[in-house]
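# Structural characterization, general
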Amino acid sequence: MKVFAIALLALVSIAAGSPAQEQDYLASRDAFVARFTAEAAAGNFGDEVMAAHQEALDELEAQLRDLIGPVTLDGFSSEGAVSLETLFDGDLGFGLLDGLTFGMDDGGARALITTSGLVDAWLVAHRDWWGTPAMPGELRDALDTGAFYTQAISADAAVARFAEIPVTPPAGADFAYAMLDLRSQDVAIGVPDEIIVAVLADGLFTLASAPVTSPVTAIAACDAVWQDYEARATALSEGGQDAGADDDSRFDEIGRIYAEGEAAFHACYGAQVEDQDFYPGLVSQAQALVDRLR
């Protein structure tokens, strides 16, 4: 009975300490960001500053290890690394989701693990990261947006969501989510080539991505949807050039057409993907990736 009481007290202490640990981590990170952003503003990028920057990342990694605890993911490396790429506000890669990243043994997939509290704090900080539209405040809603993945894990390319893939959550998990996507530095028109899955369980949030292994193909009807928008934008562009016009509103309209066309293309693909021969393979791959995150 005494042993049980001690164990129960230990569990209660850990649970009570987790939010405090998260706040300690966030305070440390923010202090480092303020320090190195000030160094950058002063033009200080020398070896001494960069060495200190690496030491700061190492310190944050150690705090995350303590906060997240031991991690074992089937097929993934046993040692995680801090997910943050830079503590210089304004740098490419600044503001990624705080956590530990793990590579798969075959190099094909990657996973990020963090706590639900750190995800919640990140969502608050990123609500107006891009201005409009705002990042949803609820994690489950945010997972339906490409902006979440772009800001969280993809510093150099936008993540475009094509379709949700149905998956069964692991036993005891709060939820699991999977989607088909394409990363792009331009309009995301093409064949989606990646699966991203997310699992929330026991206060930990895991995000994993892997290249598609099924023979995913283009959908002709969706290509036609995009081509219609592209033709309209091209006609407007060429019409303005022929007239020698230099009208900002015309360029705004061209941008709007491209954006609407991209959204229509993704919506078309999402609506028709279930009817494609390759779809069962996508579902199987997504479920297998979710199962690795138990």
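Residues numbered from 1 in each chain as written. Predicted model: local features only at pLDDT ≥ 70, side-chain atom pairs only at ≥ 80, totals over all residues. Heavy atoms only, no water.

Along its 13 residues, helix H8 (residues 279-291) runs 19 Å from first to last C-alpha, staying within 8% of the 18 Å computed at 1.5 Å per residue. For H8, every residue scored as buried is listed here: Tyr279, Leu282, Gln285, Ala286, Gln287, Leu289 and Val290. On its buried face, H8 sits against strand E4 (158-164), strand E5 (175-184), strand E6 (194-201) and strand E7 (204-211). (Helix = DSSP H or I, 4+ residues; strand = E, 2+ residues; numbered from the N terminus. Expected span 1.5 Å × (residues − 1). Buried < 20%, exposed > 50% of the residue type's maximum accessible area, 1.4 Å probe, protein only. Contact = heavy atoms within 4.5 Å.)

Within the largest apolar cluster, 61 residues are counted, with the highest numbers of intra-cluster contacts made by Phe76, Leu87, Val197, Tyr269 and Leu282. Looking at this core, the element that brings in the most residues is helix H2 (residues 47-68), giving 8 residues. With sequence-adjacent residues up to four places away left out, Val197 is seen in contact with Tyr177, Ala178, Thr206, Leu207, Ala208, Ala286, Leu289, Val290 and Leu293. Judged by nonpolar contacts, the second largest core, of 21 residues, contains Leu112, Phe148, Tyr177 and Ile196. (Core = buried A, V, L, I, M, F, W, Y, C linked by side-chain atoms within 4.5 Å.)

Throughout the structure, instances matching the rule amount to 11 aromatic pairs. Residues Phe148 and Tyr149 carry aromatic rings whose centres are separated by 5.2 Å and whose planes lie at 90° to one another, so their mutual orientation is edge-to-face. Of the residues examined, Phe148 reaches a relative accessible area of 0% and is grouped as buried. One aromatic cluster is present, built from ring pairs that chain together Phe32, Phe36, Phe45 and Phe88. Between Arg250 and the ring centre of Phe251, over which it is positioned, the NZ or CZ distance is 4.6 Å. (Phe/Tyr/Trp six-rings, centres within 6.5 Å; stacked < 30°, edge-to-face > 60°. Lys NZ or Arg CZ within 6 Å of the ring centre and 35° of its normal.)

Roughly 340 Å³ of volume is contained in the largest pocket. Taken together, 23 residues form the lining of the largest pocket, with Thr101, Arg110, Ile153, Ser154 and Arg183 sitting closest to its centre. Where the lining of the largest pocket is concerned, the elements lending two or more residues are strand E3 (110-115), helix H5 (146-153) and E7. Tallying contributions element by element places E7 first for the lining of the largest pocket, with 5 residues. Here the residues of the lining of the largest pocket sort into 13 nonpolar, 6 polar and 4 charged. (1 Å grid on protein atoms, 1.4 Å probe; cavity = no way out; pocket = protein on both sides within 12 Å on 5 of 7 lines; lining within 4 Å. Points joined across faces, edges and corners; volume = space filled by probe spheres on them. Nonpolar A, V, L, I, M, F, W, Y, C, P; charged D, E, K, R; others polar.)

We now examine the state of the cysteines. By the definition in use, this model includes 1 disulfide. Between the sulfur atoms of Cys222 and its disulfide mate Cys268 the distance is 2.2 Å. Since a negative S-S torsion denotes a left-handed disulfide, the Cys222-Cys268 link at about -80° is left-handed. Of this pair, Cys222 sits in helix H6 (residues 220-242) while Cys268 is found in helix H7 (residues 248-272), placing the two residues 46 residues apart along the sequence. (Disulfide = S-S within 2.5 Å.)

The predicted model of the protein chain averages 90 in pLDDT, with 91% of residues at 70 or higher. The low-confidence segment residues 1-17 (pLDDT under 50) makes 0 contacts with residues lying over four places distant or belonging to another chain. (pLDDT = per-residue confidence, 0-100.)

On to the sheet that holds strand E2 (residues 100-103), then. Strand pairing in a sheet takes place through backbone hydrogen bonds and is either antiparallel or parallel in direction. Strand order in the open sheet formed by 7 strands is E1-E2-E3-E7-E6-E5-E4, with antiparallel pairing between adjacent strands. Only two strands of the sheet have a single neighbouring strand rather than two, namely strand E1 (81-82) and E4. Relative to E7, E6 runs antiparallel, the two sharing 8 bridges. Counted as the bridge partner of Val199 is Thr206 from E7. Against the sheet, helix H3 (residues 116-125) contacts E3, E6 and E7, and its axis sits at roughly 90° relative to E3. (Pairing = 2+ DSSP bridges. Axes fitted to C-alpha atoms, helices over the stretch in contact; angles between N-to-C directions.)

Now for unusual backbone geometry. One non-glycine residue, Asp202, lies in the positive phi region at around 55°. With respect to the helices and strands, Asp202 occurs in the loop between E6 and E7. Taking relative accessible area as the criterion, Asp202 reaches 74% and is therefore assigned exposed.

One pass over the structure, following the stated rule, counts 12 salt bridges. Between Arg140 and Glu164 there is a salt bridge, with the nearest N and O atoms lying 3.5 Å from each other. Pair noted here: Arg140 is in helix H4 (residues 139-142) and Glu164 is in strand E4, with a separation of 24 residues, a long-range link. For Arg140, a relative accessible area of 31% translates into the label partly exposed. The closest approach of N and O atoms between Arg183 and Glu194, which form a salt bridge, is 2.9 Å. Taken as a pair, Arg183 in strand E5 and Glu194 in strand E6 lie far apart in primary sequence, 11 residues in all. Given the relative accessible area of 28%, Arg183 is considered partly exposed. Judged by its relative accessible area of 11%, Glu194 falls in the buried class. Overlapping salt bridges bring together Arg140, Asp144, Arg161 and Glu164 as one network. (Salt bridge = Lys/Arg side-chain N within 4 Å of Asp/Glu carboxyl O.)

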